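Structure assessment
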Amino acid sequence: MFSKLLSSIANTILQTSAVEWIIFVLALIYLMLATVENVWCWLFGILASAFSVYLCFEGNLFLESGLQVFYVIIGIYGWYEWLHGSSQKKELKIISWPFLKNSYLILAGCILWIPFGTVAQRYSTQAMPYLDGFITAFSIVATWMTAKKILQNWIFWIIIDVLAIVLYASREFYLIALLYTIYTLLAVTGYFQWKKRIQVPSVLP
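Note that the structure is a prediction, hence the values are computed from the model and not measured. (Residues numbered from 1 in each chain as written. Predicted model: local features only at pLDDT ≥ 70, side-chain atom pairs only at ≥ 80, totals over all residues. Heavy atoms only, no water.)

1. Things to note about the overall build of the protein
- Each helix and strand in the protein was counted, giving 8 helices and 0 strands.
- Beginning at the N terminus, the succession of helices and strands in the protein can be written as α-α-α-α-α-α-α-α.
- Per-residue burial over the protein gives 45% buried out of 205 residues.
- Considering only contacts in the protein between residues 6 or more positions apart, those separated by 24 or more positions represent 72%.
- For the protein, the computed accessible surface area is about 10,600 Å², with 72% contributed by carbon and sulfur atoms. (Helix = DSSP H or I, 4+ residues; strand = E, 2+ residues; numbered from the N terminus. Buried < 20%, exposed > 50% of the residue type's maximum accessible area, 1.4 Å probe, protein only. Contact = heavy atoms within 4.5 Å. Areas by Shrake-Rupley, 256 points an atom, 1.4 Å probe, with all protein chains shown as cover.)

The following block contains the structure:
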């Protein structure tokens, strides 16, 4: 049975569209560069998101499609921040936020999540609206955290990526689901890599 499952997955991957393969490669390069704090990650992230806008729209993942547009915009912002975002207009350094400040970000994500899910359920043919709404809301928060080089962004991404595996697999975008599986593993790696690189004391609440 296990061999049949692997064969089915392999056949599905072989039949995957060129757009999914492009996204897979670009997004993987983005995350690998991000884990080692390489500013060129933003270029590959912007390109991956641009292709993802089309893919998500075709799969009736409208919130995800809108999220990818946001990724393109914040990718440009993040690129600038990493290069010039410090108070001295120099390269931004990694910081760690305490639980209290992170809890404000969790609250912000929840505030976005409910209306996103509700609107998607009532006014569109969105697949799994509340799950997609959660991913969309917290991805906005986590992407901002990444742009600001807040260490805990990786914890947010681990949770988001696990849920994204379920979302994309439900739409039979198996290659993208596989990508998010790799994302999850790299997010764990990214957390520990960034933790070693912190060069300033934790920000107090």
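2. Comments concerning unusual backbone geometry
- Although it is not a glycine, Glu-37 adopts a positive phi angle of roughly 60 degrees.
- Its place among the elements puts Glu-37 in the loop between helix 2 (18–35) and helix 3 (41–58).
- Here Glu-37 falls in the buried class, since its relative accessible area comes to 12%.
- Located in the positive-phi region is Lys-149, a residue other than glycine, with phi close to 55 degrees.
- Position of Lys-149 among the secondary structure elements: in the loop between helix 6 (129–147) and helix 7 (153–170).
- Assessed through its relative accessible area of 0%, Lys-149 is described here as buried.

3. Considerations on the packing of aromatic side chains
- Scanning the entire structure with this criterion turns up 15 aromatic pairs.
- Between Trp-40 and Trp-79, the ring centres sit 5.5 Å apart and the planes meet at 65 degrees, which makes this aromatic pair edge-to-face. Taken together, the positions of Trp-40 in the loop between helix 2 and helix 3 and Trp-79 in helix 4 (residues 62–84) put the pair 39 residues apart, joining distant regions of the chain.
- Residue Trp-79 is classed as partly exposed on the basis of its relative accessible area, which comes to 23%.
- Among the aromatic residues, those joined into a ring-pair cluster are Tyr-30, Trp-42, Trp-82, Trp-154 and Trp-194.
- Stacked on the ring of Trp-97, the Lys or Arg Lys-101 has its end atom at 4.3 Å from the ring centre.
- In this structure, Lys-149 packs its charged tip against the face of Trp-82, placed 4.6 Å from the ring centre. (Phe/Tyr/Trp six-rings, centres within 6.5 Å; stacked < 30°, edge-to-face > 60°. Lys NZ or Arg CZ within 6 Å of the ring centre and 35° of its normal.)

4. A few points about the side chain of Gln-68
- Position of Gln-68 relative to the elements: it lies in helix 4.
- Beyond its immediate sequence surroundings of up to four residues, Gln-68 is in contact with Ser-49, Ser-52, Val-53, Cys-56 and Tyr-168.

5. Points about the environment of Ala-50
- Structurally, Ala-50 is set in helix 3.
- Judged by relative accessible area, Ala-50 falls into the partly exposed class, the value being 44%.
- When the C-alpha atoms of Ala-50 and Phe-70 are compared, they prove to be 9.8 Å apart, with 20 residues separating the residues in sequence.

6. Digging into empty space enclosed by the protein
- For the structure shown, the criterion picks out 1 cavity of 30 Å³ or more.
- By volume, the largest cavity is sized at about 430 Å³.
- The wall of the largest cavity is formed by 34 residues, among which Tyr-30, Ser-49, Tyr-71, Trp-157 and Tyr-183 lie closest to the centre.
- Mapped onto the lining of the largest cavity, the elements with two or more residues apiece are helix 2, helix 3, helix 4, helix 6, helix 7 and helix 8 (174–197).
- When residues in the lining of the largest cavity are grouped by element, the largest group, 8 residues, is from helix 3.
- A breakdown of the residues in the lining of the largest cavity according to their chemical character gives 23 nonpolar, 9 polar and 2 charged. (1 Å grid on protein atoms, 1.4 Å probe; cavity = no way out; pocket = protein on both sides within 12 Å on 5 of 7 lines; lining within 4 Å. Points joined across faces, edges and corners; volume = space filled by probe spheres on them. Nonpolar A, V, L, I, M, F, W, Y, C, P; charged D, E, K, R; others polar.)

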